[in-house]
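Residue strings, one per chain:
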2 protein chains.
Amino acid sequence: MADPSTSPPLTRASVIAAHALIRPFVHHTPTITNATLSGMASGAVPLPSLPSSSTSSLGEGKAKPKMRLWFKCENLQRVGAFKARGAFHAVERLKREPGWEANGGREKGVVTHSSGNHAQALALAARESRIPAHIVMPSISAAPKIAATRGYGARVVFSGSTSVEREAVTADVIAATGARLVPPYDHPDIVLGQGTLGLEMQDDVRASMLSPSSPSASASGGGGSKGGPTWVPATEPGVPSTKLERVRAGARPALDAILAPCGGGGMLSGVALSCEGTGTRVYGCEPAFAGADDAGRGYEAGVRVERVSSLTIADGLRTPVGVVPWGIIYERRLVAGFHAVTEDQIRGAMRLVYERLKMVVEPSAVVGLAVALYDEGFRAMVEREAGEEGWDVGIVFSGGNVSLDALGGLFGEGK
Amino acid sequence: MADPSTSPPLTRASVIAAHALIRPFVHHTPTITNATLSGMASGAVPLPSLPSSSTSSLGEGKAKPKMRLWFKCENLQRVGAFKARGAFHAVERLKREPGWEANGGREKGVVTHSSGNHAQALALAARESRIPAHIVMPSISAAPKIAATRGYGARVVFSGSTSVEREAVTADVIAATGARLVPPYDHPDIVLGQGTLGLEMQDDVRASMLSPSSPSASASGGGGSKGGPTWVPATEPGVPSTKLERVRAGARPALDAILAPCGGGGMLSGVALSCEGTGTRVYGCEPAFAGADDAGRGYEAGVRVERVSSLTIADGLRTPVGVVPWGIIYERRLVAGFHAVTEDQIRGAMRLVYERLKMVVEPSAVVGLAVALYDEGFRAMVEREAGEEGWDVGIVFSGGNVSLDALGGLFGEGK
C-alpha cells in the first residue's frame with residue numbers, strides 16, 4: 001500500500017478528502033433510530049434482564065440519563081462491514097501513487113493477511129480496480145470464509161495460524177509477486193477511509209433533526225410515534241427545541257457523542273478524526289472478557305498494550321490497538337475515554353437488535369449499544385453532563401457478518 | 001368484531017378504503033431489492049447448495065428464468081408482522097359500527113385466541129383505541145410470548161392447547177365480558193386490512209421503476225450497481241425499456257407476480273384482492289412438510305382442506321385456509337396457483353436473507369423466496385411466460401418474530 005510517509009495528514013479535512021475518493025464505491029449506509037431502544041437507554045421502557053442480573057435493572061441508585069440513540073448501519077455496507085471503506089481508500093490511494101502503475105503495480109497487486117472482513121473488503125476493492133489480491137489465511141479458517149474471499153476473485157494462500165507464521169507467508173508472497181501489503185488497520189490510509197462513516201453520521205443526524213418533516217423540528221408530530229422497527233432513515237422525536245436552535249445555528253453538534261467499537265482502532269481513530277473540532281465526543285467500546293479491553297487499559301496506564309489473547313465472542317475486537325490509531329486515540333486525546341462490557345451484555349444487546357430492529361449484526365457491532373444500555377460509568381456521566389436536555393448518541397453498528405450456525409452457538413441453549 | 005354481513009364488499013376498492021382507515025396506525029414498510037438475490041433467482045449468481053442437493057443446483061435441464069425480486073418488509077411492520085394491518089382495520093371498523101359505543105362496546109372490548117402475531121397485533125390495536133383486549137393463550141405458550149402480549153396491555157387468559165379447549169375458554173370470556181371476537185384470518189375486515197400491503201407494494205415498485213434516479217429509467221446508472229445489502233427503498237437496475245414504456249403508459253403492471261405465504265389465507269386473499277384487475281398474478285406459497293400445503297392441495301382437488309396438523313418450521317403456516325379467504329382464492333380464482341417448498345429450502349432461503357440482506361425474518365416469511373429460488377414448476381413457468389424481458393416478482397416477507405433461541409434450534413448444529 002502507499003508509503004505512510006506519503007499519506008495525507010491525519011485531520012478531519014483528510015477524512016473529507018477520503019470520502020470524496022471512495023464515494024463511488026461504497027454505500028452511504030442509513031442512520032436509523034428506534035423509539036423502544038432509546039426508551040430503554042433512558043429508563044422509560046423496561047430493559048429485559050440479563051442472565052447476570054446485577055447490571056441489568058435500572059433500580060435504585062442507578063443512573064437515569066436521557067439518551068436518543070442513532071444507529072449507523074455499517075452491517076449494510078458492502079461486504080457487510082465498514083472495512084470496505086478503508087480497503088477502497090487504500091486501493092484508490094495506491095493507484096494515485098506516483099510511479100505505481102509504471103512500475104508494474106497494477107500487475108503485482110495487493111496482499112494482506114486476514115481471515116475476516118478486511119480480507120473480503122480488500123478482495124472486492126482489488127477486483128473492482130482489476131488488480132490481483134493475495135489473501136493469506138490460516139489453513140484452519142472456516143470454509144465459508146475461504147469461499148467468500150475466493151468469491152470476490154482473490155487468490156487465497158494458506159498459512160499456519162500464529163502471527164509469526166502468517167507474516168512469514170505474507171513475506172513470501174511479497175517476495176514472489178511484488179504485491180503491496182495493505183494492513184487491516186495500522187495505516188493512515190485505512191484510518192482515513194474508515195473515518196468516512198463518522199462524517200456520514202454527523203451529516204445524517206443533523207439533516208434528520210432539522211428536516212421539516214421531523215417531529216422534533218416541527219409541530220406536526222407524526223411518523224416517529226408509531227414505535228416498532230424503523231428502517232427508513234428516521235426522524236427522532238423529542239430533541240428539545242433549546243438544542244435544536246443551537247444545532248441550527250451551528251453552535252452545537254447534532255451528535256453529542258459517538259460510541260464506536262475498538263479492535264485494532266482503525267475505525268475508532270478515523271471516527272475520532274472525523275469529529276475533531278466539532279464538539280462531538282468519541283468513546284471507544286470494548287469487550288471486558290479476558291483482557292480484550294486492551295485499548296482502555298492502555299489509555300488508563302498511558303502505554304499501548306501490544307498483546308491480546310482474548311477469545312471474546314466479539315471476535316472482531318480481539319486485536320491490540322495499532323500504532324497509528326494509538327497516536328490519534330491517546331497521544332492526541334481525540335478519544336474521550338473507553339468503556340468495556342461483559343459477554344452477557346453483548347449478548348443482551350444483540351438480542352435487542354435482532355428482536356427490536358430485526359437486523360443482523362455481529363457481536364462486535366453491538367458493544368456500543370451495550371455501553372449505552374448497561375455501563376453505569378457511561379450512563380452516570382451522560383446523566384451528569386446532559387441533564388434534562390439529554391444527549392443524542394451515535395452508535396456504530398460495525399458489521400453484520402455472522403453465520404446462522406455461529407448464532408446457534410451463541411444463543412442455541414438459551415444463553 | 002363487526003358482523004361480517006356489514007363488511008364492505010371484497011373488492012380492490014375496499015382494500016383501498018381499508019388503507020385509508022389504517023394508515024395513521026401502521027408503517028408503510030419499505031420494498032427493497034438486492035442484486036445478489038435477483039442474480040441467484042436468474043441463474044447469474046451461483047446459488048449455495050442445500051443439504052438435500054437435488055434441488056439446489058441450476059444444472060442441465062433446469063429452468064433459467066429471468067426475475068427481478070422485490071421484497072416487501074412486513075417484518076419491519078409494527079409488532080413485527082403484517083398482522084397489525086388486519087387488527088387495526090378490525091378495530092377501526094368495529095368503532096364505526098352503528099350502536100357499538102352506545103351498547104358499551106368500548107368497555108366490553110375485544111377477544112381472540114392466538115399465541116402468535118395476531119395476539120400481539122390485536123393487543124396493540126386495542127390499546128391504542130383504549131379498549132380492553134382479552135387474549136386466550138394455551139397455558140404451555142412460551143413465556144416471552146405471554147410477556148410480550150401482556151406488554152401491550154392485554155389480559156391473558158389461559159386455556160388448554162386443543163382448539164376445542166381454546167374455543168371453550170373464548171366462549172367463557174365472551175359470556176363474562178361481552179367482548180367481541182376478532183378472529184385471526186377468517187373475516188372480511190381482516191382480509192381487507194392485510195391486503196393493504198399489496199397496494200403499497202404495487203405503488204412502491206412502480207414509483208421505484210419510474211423514478212428519474214432509477215438506473216433502469218435513466219441513462220445515468222449509479223446507485224443500484226454496488227451490490228451488497230440495500231436497505232433504502234431501492235431502485236432495481238435492468239428492467240428492460242420495452243417493459244418500462246408499457247408500465248409508464250399504464251398498459252402493464254410494474255409487478256408481474258406476487259409470491260405470498262399462505263397459512264389461514266387472510267393475507268394471501270387480501271393481496272389477491274389488491275391485485276384484482278391490475279394484471280399482477282398472485283401465487284400462494286406453502287411448506288410441503290407433513291401436509292402443510294393444504295391450500296394448494298385443496299385448490300387442486302377443488303375442495304378446501306379443513307384440517308392440518310403439520311409441525312413445519314414455518315410455524316405461522318400450520319393453519320388450514322379459512323372460509324372467507326377460500327372464496328377469494330379458489331371460488332373467484334383470484335389466486336393463480338400454489339407452490340410448496342421443503343424444510344431445507346425454507347432454511348436455505350432464511351440463510352440467504354440473514355447473510356445477504358442482514359435482515360431478521362421468521363421461517364414463514366421466506367416461503368415466497370424459496371419458491372422463486374428452488375421451485376422448478378414456478379421457475380419453468382416464469383421462463384416460459386416472461387422470456388427475455390423477465391418478470392418483476394414481489395415477495396412478501398410476512399414477519400420477523402423469531403427468537404434467537406429458536407434460531408439456535410433451527411441452525412445451531414449446521415442444519
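Residues numbered from 1 in each chain as written. Chains lettered and ligands numbered in written order. Predicted model: local features only at pLDDT ≥ 70, side-chain atom pairs only at ≥ 80, totals over all residues. Heavy atoms only, no water.

Undergrad: Tell me about the overall build of chain A, and please be specific about residues and values.
TA: When you go through chain A residue by residue, the secondary structure sums to 16 helices and ten strands. Sequence separation of 24 or more characterises 75% of the internal contacts of chain A that already satisfy a separation of 6 or more. Carbon and sulfur atoms make up 53% of the accessible area of chain A, which amounts to about 15000 Å² in all. (Helix = DSSP H or I, 4+ residues; strand = E, 2+ residues; numbered from the N terminus. Contact = heavy atoms within 4.5 Å. Areas by Shrake-Rupley, 256 points an atom, 1.4 Å probe, with all protein chains shown as cover.)

Undergrad: Tell me what's going on with the packing of aromatic side chains, and back it up with residues and numbers.
TA: Any pair of aromatic rings gets described here by the distance separating the centres and the angle formed by the planes. Residues and elements named next belong to chain A. All told, the structure shown has twelve aromatic pairs over all chains when counted by the stated rule. The rings of Y299, W326, Y330 and F338 are connected pair by pair, giving a single aromatic cluster. In this structure, R333 is placed above the aromatic ring of Y330, and the distance from its NZ or CZ to the ring centre is 4.1 Å. (Phe/Tyr/Trp six-rings, centres within 6.5 Å; stacked < 30°, edge-to-face > 60°. Lys NZ or Arg CZ within 6 Å of the ring centre and 35° of its normal.)

Undergrad: Let's hear about the pattern of salt bridges: which residues, and what values?
TA: Opposite charge on two side chains allows them to pair when their charged atoms are near. Residue and element names in this part refer to chain A. Under the criterion given, the structure shown has 43 salt bridges over all chains. Residues K66 and E388 are paired through a salt bridge, measuring 2.8 Å at the closest nitrogen-oxygen approach. Separated by 322 residues along the polypeptide, K66 in the loop between α2 (35-41) and β2 (67-73) and E388 in the loop between α15 (376-386) and β10 (391-397) bring together distant segments of the chain. Note on K66: relative accessible area 36%, which makes it partly exposed. On the basis of relative accessible area, E388 is assigned to the exposed category, the value being 66%. Among the ionic pairs, E389 bridges to R252, the shortest N-O distance being 2.5 Å. On the criterion of sequence distance, the pair formed by E389 in the loop between α15 and β10 and R252 in the loop between α9 (241-248) and β7 (257-261) is long-range, its members being 137 residues apart. For R252, a relative accessible area of 13% gives the class buried. The structure contains a network of salt bridges with shared partners spanning R68, K243, R252, D256, E389 and D392. (Salt bridge = Lys/Arg side-chain N within 4 Å of Asp/Glu carboxyl O. Buried < 20%, exposed > 50% of the residue type's maximum accessible area, 1.4 Å probe, protein only.)

Undergrad: If you had to explain the confidence of the model for chain A to someone new, which residues and values would you point to?
TA: Residue and element names in this part refer to chain A. Summarising the model, chain A shows a mean pLDDT of 90, and 90% of its residues fall at 70 or more. A low-confidence stretch, residues 215-225 stays under pLDDT 50, and its non-local contacts, those more than four residues away or across chains, total 18 contacts. pLDDT under 50 marks residues 228-235. Its contacts with residues more than four places away, or in other chains, come to 35 contacts. (pLDDT = per-residue confidence, 0-100.)

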